[in-house]
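For reference, the chains in residue letters:
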Amino acid sequence: MKKGEKVTLEKEEASNISAQIVEVNQGRVEIVEAENVTMNQASARSIEGSHVEVTQGLALSIDGDRIDLRQGGSLLMRAKDITISQGGAGLIAATKANIQFGGAQIMLARDEIVVEQGGAVFMAANKIKANKSIAAVMIANSVEGDVKTLFDWRSALAFGLAFGGLTGLAMLLRKKR
(Lines give C-alpha, C1' and ligand atoms only; values in the text may rest on other atoms or scores of the structure.)
Protein backbone atom coordinates (compact mmCIF):
# COMPACT_ATOMS: atom_id res chain seq x y z
CA MET A 1 0.00 0.00 0.00
CA LYS A 2 1.25 3.43 -0.94
CA LYS A 3 0.50 6.21 1.56
CA GLY A 4 1.40 9.85 1.89
CA GLU A 5 0.31 13.43 1.45
CA LYS A 6 0.69 13.16 -2.34
CA VAL A 7 1.22 10.01 -4.38
CA THR A 8 2.09 10.12 -8.09
CA LEU A 9 2.30 7.07 -10.34
CA GLU A 10 3.85 7.30 -13.81
CA LYS A 11 3.43 4.14 -15.91
CA GLU A 12 3.27 2.04 -12.73
CA GLU A 13 0.92 -0.38 -11.02
CA ALA A 14 -0.19 -0.35 -7.40
CA SER A 15 -2.65 -2.35 -5.34
CA ASN A 16 -3.85 0.29 -2.84
CA ILE A 17 -3.21 4.01 -2.56
CA SER A 18 -4.35 6.22 0.31
CA ALA A 19 -3.34 9.90 0.30
CA GLN A 20 -4.62 13.48 0.23
CA ILE A 21 -3.75 13.86 -3.47
CA VAL A 22 -3.34 11.01 -5.97
CA GLU A 23 -2.19 11.38 -9.57
CA VAL A 24 -1.98 8.36 -11.86
CA ASN A 25 -0.64 8.70 -15.41
CA GLN A 26 -0.73 5.65 -17.68
CA GLY A 27 -0.93 3.35 -14.69
CA ARG A 28 -3.18 0.83 -13.03
CA VAL A 29 -4.42 0.84 -9.44
CA GLU A 30 -6.72 -1.53 -7.61
CA ILE A 31 -8.07 0.81 -4.89
CA VAL A 32 -7.61 4.59 -4.56
CA GLU A 33 -8.74 6.59 -1.50
CA ALA A 34 -7.94 10.32 -1.57
CA GLU A 35 -9.38 13.81 -1.29
CA ASN A 36 -8.35 14.65 -4.86
CA VAL A 37 -7.79 11.99 -7.54
CA THR A 38 -6.54 12.71 -11.06
CA MET A 39 -6.18 9.81 -13.49
CA ASN A 40 -4.96 10.15 -17.09
CA GLN A 41 -4.93 7.12 -19.39
CA ALA A 42 -5.21 4.95 -16.31
CA SER A 43 -7.48 2.33 -14.79
CA ALA A 44 -8.71 1.49 -11.31
CA ARG A 45 -11.03 -1.00 -9.72
CA SER A 46 -12.33 1.38 -7.05
CA ILE A 47 -11.90 5.13 -6.54
CA GLU A 48 -13.12 7.08 -3.51
CA GLY A 49 -12.47 10.80 -3.22
CA SER A 50 -13.98 14.23 -2.80
CA HIS A 51 -12.98 15.38 -6.29
CA VAL A 52 -12.24 12.71 -8.90
CA GLU A 53 -11.07 13.46 -12.46
CA VAL A 54 -10.62 10.64 -14.97
CA THR A 55 -9.43 11.40 -18.50
CA GLN A 56 -9.17 8.57 -21.04
CA GLY A 57 -9.43 6.04 -18.26
CA LEU A 58 -11.58 3.30 -16.82
CA ALA A 59 -12.84 2.57 -13.33
CA LEU A 60 -15.13 -0.16 -12.12
CA SER A 61 -16.63 2.10 -9.42
CA ILE A 62 -16.18 5.75 -8.51
CA ASP A 63 -17.56 7.34 -5.31
CA GLY A 64 -17.10 11.01 -4.57
CA ASP A 65 -18.58 14.44 -4.07
CA ARG A 66 -17.65 15.58 -7.58
CA ILE A 67 -16.72 13.33 -10.51
CA ASP A 68 -15.47 14.52 -13.91
CA LEU A 69 -15.12 11.77 -16.53
CA ARG A 70 -13.73 12.70 -19.95
CA GLN A 71 -13.36 10.14 -22.74
CA GLY A 72 -13.57 7.32 -20.25
CA GLY A 73 -15.90 4.83 -18.68
CA SER A 74 -17.10 3.47 -15.38
CA LEU A 75 -19.54 0.76 -14.40
CA LEU A 76 -20.85 2.55 -11.28
CA MET A 77 -20.62 6.25 -10.41
CA ARG A 78 -22.03 7.83 -7.23
CA ALA A 79 -21.58 11.51 -6.36
CA LYS A 80 -23.30 14.79 -5.66
CA ASP A 81 -22.20 16.18 -9.04
CA ILE A 82 -21.26 14.02 -12.02
CA THR A 83 -20.01 15.36 -15.35
CA ILE A 84 -19.37 13.04 -18.29
CA SER A 85 -17.94 14.31 -21.55
CA GLN A 86 -17.51 11.83 -24.41
CA GLY A 87 -17.73 8.91 -22.03
CA GLY A 88 -20.09 6.37 -20.62
CA ALA A 89 -21.22 4.55 -17.52
CA GLY A 90 -23.37 1.63 -16.52
CA LEU A 91 -25.12 3.33 -13.59
CA ILE A 92 -25.01 6.97 -12.51
CA ALA A 93 -26.46 7.97 -9.14
CA ALA A 94 -26.12 11.68 -8.35
CA THR A 95 -27.77 14.80 -7.07
CA LYS A 96 -27.00 16.47 -10.40
CA ALA A 97 -25.65 14.84 -13.58
CA ASN A 98 -24.37 16.63 -16.67
CA ILE A 99 -23.72 14.49 -19.75
CA GLN A 100 -22.20 15.80 -22.98
CA PHE A 101 -21.77 13.49 -25.97
CA GLY A 102 -22.03 10.43 -23.78
CA GLY A 103 -24.42 8.32 -21.85
CA ALA A 104 -25.22 5.63 -19.35
CA GLN A 105 -27.45 2.62 -19.14
CA ILE A 106 -29.18 4.02 -16.06
CA MET A 107 -29.13 7.66 -14.91
CA LEU A 108 -30.63 8.54 -11.53
CA ALA A 109 -30.49 12.05 -10.08
CA ARG A 110 -32.19 13.59 -7.09
CA ASP A 111 -32.38 17.05 -8.67
CA GLU A 112 -31.45 17.32 -12.33
CA ILE A 113 -30.04 15.49 -15.34
CA VAL A 114 -28.74 17.61 -18.23
CA VAL A 115 -27.91 15.73 -21.43
CA GLU A 116 -26.40 17.24 -24.57
CA GLN A 117 -26.31 14.76 -27.47
CA GLY A 118 -26.34 11.67 -25.31
CA GLY A 119 -28.61 8.95 -24.13
CA ALA A 120 -29.64 6.34 -21.63
CA VAL A 121 -31.84 3.31 -21.39
CA PHE A 122 -33.45 4.70 -18.22
CA MET A 123 -33.42 8.25 -16.82
CA ALA A 124 -35.11 9.37 -13.61
CA ALA A 125 -34.79 12.79 -11.98
CA ASN A 126 -36.88 15.65 -10.68
CA LYS A 127 -35.95 17.64 -13.80
CA ILE A 128 -34.45 16.46 -17.09
CA LYS A 129 -33.04 18.85 -19.69
CA ALA A 130 -32.00 17.23 -22.94
CA ASN A 131 -30.88 18.40 -26.36
CA LYS A 132 -30.57 16.00 -29.30
CA SER A 133 -30.76 13.06 -26.90
CA ILE A 134 -32.53 9.72 -26.58
CA ALA A 135 -33.81 7.50 -23.79
CA ALA A 136 -35.88 4.35 -23.74
CA VAL A 137 -37.69 5.35 -20.53
CA MET A 138 -37.76 8.71 -18.73
CA ILE A 139 -39.37 9.54 -15.41
CA ALA A 140 -39.35 13.18 -14.32
CA ASN A 141 -41.55 15.94 -12.97
CA SER A 142 -40.27 18.22 -15.72
CA VAL A 143 -38.68 17.43 -19.10
CA GLU A 144 -37.27 20.18 -21.33
CA GLY A 145 -35.63 20.11 -24.74
CA ASP A 146 -35.32 17.90 -27.78
CA VAL A 147 -35.42 14.32 -26.52
CA LYS A 148 -36.80 11.14 -28.03
CA THR A 149 -38.19 8.38 -25.83
CA LEU A 150 -39.09 4.84 -26.74
CA PHE A 151 -41.83 4.64 -24.09
CA ASP A 152 -44.06 7.31 -22.65
CA TRP A 153 -45.98 6.40 -19.51
CA ARG A 154 -48.95 5.03 -21.48
CA SER A 155 -46.90 2.75 -23.70
CA ALA A 156 -44.78 1.62 -20.72
CA LEU A 157 -47.95 0.72 -18.82
CA ALA A 158 -49.36 -1.17 -21.84
CA PHE A 159 -46.05 -2.98 -22.33
CA GLY A 160 -45.89 -3.93 -18.65
CA LEU A 161 -49.47 -5.23 -18.64
CA ALA A 162 -48.93 -7.23 -21.83
CA PHE A 163 -45.62 -8.65 -20.62
CA GLY A 164 -47.08 -9.53 -17.23
CA GLY A 165 -50.12 -11.15 -18.79
CA LEU A 166 -48.08 -13.24 -21.22
CA THR A 167 -45.66 -14.28 -18.48
CA GLY A 168 -48.54 -15.30 -16.21
CA LEU A 169 -50.18 -17.26 -19.03
CA ALA A 170 -46.92 -19.04 -19.85
CA MET A 171 -46.46 -20.00 -16.18
CA LEU A 172 -50.02 -21.37 -15.98
CA LEU A 173 -49.56 -23.42 -19.13
CA ARG A 174 -46.21 -24.70 -17.90
CA LYS A 175 -47.68 -25.90 -14.57
CA LYS A 176 -50.39 -27.92 -16.36
CA ARG A 177 -47.79 -30.08 -18.12
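Here the structure is a predicted model, which is why all the values come from computation and not from measurement.

(A) Representation of the overall build of the protein chain within the structure. Broken down by element type, the protein chain carries one helix and nine strands. In sequence order, the protein chain lays out its α and β elements as β-β-β-β-β-β-β-β-β-α. Radius of gyration (C-alpha) of the protein chain: 20 Å, far over the 16 Å computed for a compact globule of 177 residues. Principal-axis analysis of the C-alpha atoms gives the protein chain an extent of 65 × 45 × 20 Å. A total of 177 residues make up the protein chain; the buried ones form 38% of that total. Within the protein chain, contacts between residues at least 6 apart in sequence are counted, and of these 0% link residues at least 24 apart. Approximately 10000 Å² of the protein chain is accessible, and the part contributed by carbon and sulfur atoms is 53%. Averaged over its 21 positive side-chain charges, the protein chain has a centre that lies 11 Å from the centre of its 20 negative ones.

(B) Broad picture of the packing of aromatic side chains. Considering all chains together, one arrives at one aromatic pair under this definition. Taking the centre distance of 6.1 Å and the plane angle of 15° together, the rings of Phe-159 and Phe-163 count as stacked. Within this pair, Phe-159 and its partner Phe-163 are both found in helix α1 (residues 153-176), separated by four residues, close to a single helical turn.

About the thresholds
Residues numbered from 1 in each chain as written. Predicted model: local features only at pLDDT ≥ 70, side-chain atom pairs only at ≥ 80, totals over all residues. Heavy atoms only, no water. Helix = DSSP H or I, 4+ residues; strand = E, 2+ residues; numbered from the N terminus. Rg over C-alpha atoms; globule rule 2.2 N^0.38 Å. Buried < 20%, exposed > 50% of the residue type's maximum accessible area, 1.4 Å probe, protein only. Contact = heavy atoms within 4.5 Å. Areas by Shrake-Rupley, 256 points an atom, 1.4 Å probe, with all protein chains shown as cover. Lys, Arg positive; Asp, Glu negative; His and termini not counted. Charge placed at Lys NZ, Arg CZ, Asp CG, Glu CD. Phe/Tyr/Trp six-rings, centres within 6.5 Å; stacked < 30°, edge-to-face > 60°.

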